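One-letter residues, chain by chain:
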Amino acid sequence: MDNQICWWFAGFEAGLETLPQEERGNLLHACAENCLKMGMLDFYRGIYKDRDGDIDQFFQALGELEGLDTEIIVPQNEYWLIFHQCTCALHTQGYINSSLLCDCSRQSVLCILKELLPQRRFSVEPEGTILGGAPSCRFHITALEG
């Protein structure tokens, strides 16, 4: 681990803590989009396409992946997405350990859903995260009206 990079990320983490929630969300949304461009967005597009564009089948397929669980609460409208480990390289490589980073994951899920279903809007709310001390990262996903 590069000590200069660790030093920089300590400042980044401190800066995140000072930002209002909306500004922090905007910053982490841009980070999530950039991260997804590294290949994960194509991965999720492939799963969605293989399931003929059916969002319920998409979530069911995600639940079959190692390290993930899903639950369809209300078909076509409400889901749980559960990660059993944090896979963010910023955390796994020891650069950031703040639960504020978990908003990047939330933003990532929002980006994926917007890409797959541009005509719909979703709410993604964390209900416990690993970096926040929970045993897993649980995201409650709800389709919004309009």
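Reading guide: rules and limits
Residues numbered from 1 in each chain as written. Predicted model: local features only at pLDDT ≥ 70, side-chain atom pairs only at ≥ 80, totals over all residues. Heavy atoms only, no water. Helix = DSSP H or I, 4+ residues; strand = E, 2+ residues; numbered from the N terminus. Buried < 20%, exposed > 50% of the residue type's maximum accessible area, 1.4 Å probe, protein only. Contact = heavy atoms within 4.5 Å. Core = buried A, V, L, I, M, F, W, Y, C linked by side-chain atoms within 4.5 Å.

A.B. asks: How should I be thinking about the environment of Pro 20 in this particular structure?
C.D. replies: Relative to the assigned elements, Pro 20 resides in the loop between α1 (3-18) and α2 (21-36). Relative accessible area serves as the criterion here: at 44%, Pro 20 is assigned to the partly exposed category. Through-space distance from the C-alpha of Pro 20 to that of Glu 145 is 26 Å; in sequence the pair is 125 residues apart.

A.B. asks: Sorry, what's going on with the side chain of Gln 107 here?
C.D. replies: Its location among the elements puts Gln 107 in helix α6 (residues 102-116). Assessed through its relative accessible area of 7%, Gln 107 is described here as buried. If near-sequence neighbours (up to four positions away) are discounted, Gln 107 is found in contact with Gly 25, Leu 28, His 29 and Ala 32.

A.B. asks: I tried to follow the nonpolar core on my own but got confused; where do I start?
C.D. replies: Nonpolar side chains tend toward joint burial in soluble globular proteins. Judged by nonpolar contacts, the single largest core of 25 residues is most densely connected at Ile 55, Phe 58, Phe 59, Leu 62, Leu 113 and Ile 141. Broken down by secondary-structure element, the contributors of at least two residues to this core are α3 (40-50), α4 (55-63), β2 (78-83), α6, β3 (121-126) and β4 (137-144). Residues in contact with Ile 141, not counting those within four places in the same chain, are Phe 59, Asn 77, Glu 78, Tyr 79, Leu 81, Val 109, Leu 113, Phe 122, Ser 123 and Val 124. Of all hydrophobic cores here, the second largest spans twelve residues; its members include Phe 9, Leu 16, Leu 28 and Ala 32.

A.B. asks: Please explain unusual backbone geometry as it appears in this structure.
C.D. replies: Excluding glycine, a negative phi dihedral is what most residues carry, and trans is how most peptide bonds are arranged. Phi at Asp 52 takes a positive value of approximately 55 degrees, unusual for a residue other than glycine. Residue position: Asp 52 is located in the loop between α3 and α4.

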